[in-house]
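# Structure at a glance
Here is what each chain is made of, one letter per residue.
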Amino acid sequence: MATVLPRMITFLLNPLYVGVLPKTEFADVSIIFAWLVFFNVILSYGMETSFFRYYNLEENKKNVISTATISIFWSSIGFLFASLLFRQTIANFINVKTEYVTYTIWILVLDALAIIPFSKLRAEKKPMKYAVIKIGNVLINMFLNLFFLLVLPHISSESVLHTIYFENFQVGYIFISNLIASLLTFIVFSGSYLKLDWHFDKALWKKMMTYGLPILFAGIGFAINEHFDKILLEKLNVPKTQIGAYSACYKLGMFMVLFRTAYTLGIEPFFFSHADKENASQTYATITKYFTILGSFILLFVIVFIDLLKRPLVPNPAYWEAMKVVPLIVLANFCLGIYTNLSVWYKLINKTYIGAYISLIGAVITLVLNFALVPSYSYYGSAIATIAAYGSMMLISYYMGQKQYPIPYEINKIASYLGMAILLSAISFYIPLFRKSYLFGIFALIFFGYYIYRNEKEIVLRILKRKINNASQNHK
């Protein structure tokens, strides 16, 4: 809940922004949020994962907490002063207003200062408190966005609230909403700093930094693959109207992101808990196949009905010019989900640094293809780069994994499900005659469902029989 629900709420802010912002200002928001994600990775520098590692290894838990907290605290304070000093230069570099940069700097610092307190809650097994604070942060942000962008303009002239209302300040209100939410979260955690034993273990810190650096590079690679395209589009002189349209339609890939995220949360603990089982590799292969089946059906369903889904989620027709990238973005996120399954091998043999290498390879592909394709194909080149990066990561992980930790994947079946879903989606979306009518799309879904049933008939019937037996026993 603490991971998926905030993403869903953030996803639901997309229609609000599209409804009140022109494409140029939506582009500014998207570019700044891309930088926000990138610097979130920099400011955490793998310390969160290092914290969990050494919290479980070290006998002196308080020493780990204080060392990690002090490290993040002083690096964040240093970043705060340096960034505020050069905020005008930063604003000129990313081509946005200085005040937006100022808000973003404070958001980054406040979020960084909450990293170890959040990690401490997880380490101490306090999931309810963790979830309440995480979800509370996003709900406050959402309600403030709704208030500032929808309510305040209509009531400001009739109340004392006119003092906080400024015309044509919608983008500023978006970042102020985020800033207030982050500040309130920090206030909730302020007790952690007041009660902290400010003891810094230099030797422990060096070990934590050594462990965390590969995670930092993997995080940078992920940030480049996931968000850097918006930054590159602006640097490659793509008009902000096009960047805004692309960023809004890119969000429609969130359907696959939510599926992938929810799945990943449950599957990683399962992978580790089954590592010592006799049939572990066969289990991993079976899970990957059924992830592909379900993901392929979601892919086809979203693409078939995307023109219906875009109306509530991207309600401004001025943004629809970028709809052609949606199938590529949905498929790219699906490839990333398959990669998550395939990446189990290097986690099980304790070679997580390989994940950093693969992410960095994906980042290089993203950068090279953006520079090569964007001048000719604009944001469509960025979409191609995204799917090429995630597709390459998926294939690299598979081929390396089969040499290091062989898993008997049913490659022919997996390829057939994925290939058929891609083919039917492409026909449904890119052929105008079929896209105008949903008849082909509905037929494609029925046909694909039957194809799955025909190939997986035995297991489907076995599951149904088991459920019927369980239901009859419960009834008795």
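In this text the structure is predicted, and so the values were computed from the model without any measurement.

Turning our attention to the overall build of the protein chain. Helix and strand counts for the protein chain stand at 22 helices and zero strands. The globule rule puts the C-alpha radius of gyration for 476 residues at 23 Å, and the 24 Å found for the protein chain is close to it. With the C-alpha coordinates aligned to their principal axes, the bounding extent of the protein chain is approximately 65 × 60 × 55 Å. For the protein chain, the proportion of its 476 residues judged to be buried stands at 50%. Pairs at least 24 residues apart make up 82% of the contacts formed inside the protein chain by residues separated by at least 6 positions. Accessible surface computed for the protein chain: about 22900 Å², of which carbon and sulfur atoms make up 66%.

Let's shift gears to helix α11 (residues 240–250). Burial runs high along α11: nine of the eleven residues are buried. Residues of α11 that are buried: Lys-240, Ile-243, Gly-244, Ala-245, Tyr-246, Ser-247, Ala-248, Cys-249 and Tyr-250. Here the buried face of α11 lies against α1 (4–20), α2 (23–44), α10 (202–235), α15 (326–342) and α18 (379–404).

On the surface, a cluster of nonpolar side chains totalling about 390 Å² of accessible area is made up of Leu-139, Phe-143, Leu-146, Leu-150 and Val-151. With respect to the helices and strands, the residue Phe-143 is situated in helix α8 (residues 127–155).

Glancing now at the packing of aromatic side chains. Geometrically, a pair of aromatic rings is defined through the distance of the ring centres and the angle of the planes. Counted under the stated rule, the structure contains 42 aromatic pairs. Between Trp-35 and Phe-38 the ring centres are 6.1 Å apart and the planes differ by 90 degrees, which places this aromatic pair in the edge-to-face class. Taken together, the residues Trp-35 and Phe-38, both in helix α2 and three residues apart, mark about one turn of the helix. For Trp-35, a relative accessible area of 15% puts it in the buried group. Between Phe-39 and Phe-79, the ring centres sit 5.9 Å apart and the planes meet at 40 degrees, which makes this aromatic pair tilted. Here Phe-39 is found in helix α2, whereas its partner Phe-79 is found in helix α4 (residues 61–85), with 40 residues between them in sequence.

With that settled, consider the environment of Tyr-263. With respect to the helices and strands, the residue Tyr-263 is situated in helix α12 (residues 254–273). Residue Tyr-263 is classed as buried on the basis of its relative accessible area of 17%. With sequence-adjacent residues up to four places away left out, Tyr-263 is seen in contact with Phe-271, Ile-287, Phe-291 and Asn-341. For Tyr-263, the side chain forms a polar contact with the side chain of Asn-341, separated by 2.3 Å.

So, on to unusual backbone geometry. A positive phi angle, near 60 degrees, is found at Lys-125, a position not held by glycine. Looking at where Lys-125 falls in the secondary structure, it is placed in the loop between α7 (115–123) and α8. Of note, the phi angle at Ser-378 is positive, near 55 degrees, even though the residue is not glycine. Tracing the backbone through its elements, the reader meets Ser-378 in the loop between α17 (353–377) and α18. For Ser-378, a relative accessible area of 17% puts it in the buried group.

Rules used in this analysis
- Residues numbered from 1 in each chain as written.
- Predicted model: local features only at pLDDT ≥ 70, side-chain atom pairs only at ≥ 80, totals over all residues.
- Heavy atoms only, no water.
- Helix = DSSP H or I, 4+ residues; strand = E, 2+ residues; numbered from the N terminus.
- Rg over C-alpha atoms; globule rule 2.2 N^0.38 Å.
- Buried < 20%, exposed > 50% of the residue type's maximum accessible area, 1.4 Å probe, protein only.
- Contact = heavy atoms within 4.5 Å.
- Areas by Shrake-Rupley, 256 points an atom, 1.4 Å probe, with all protein chains shown as cover.
- Patch = residues over 30% accessible without salt bridge, like charges linked within 9 Å, V, L, I, M, F, W, Y side chains within 5 Å.
- Salt bridge = Lys/Arg side-chain N within 4 Å of Asp/Glu carboxyl O.
- Phe/Tyr/Trp six-rings, centres within 6.5 Å; stacked < 30°, edge-to-face > 60°.
- Polar contact = N/O pair within 3.5 Å; in protein donor to acceptor, adjacent residues only side chain to side chain.

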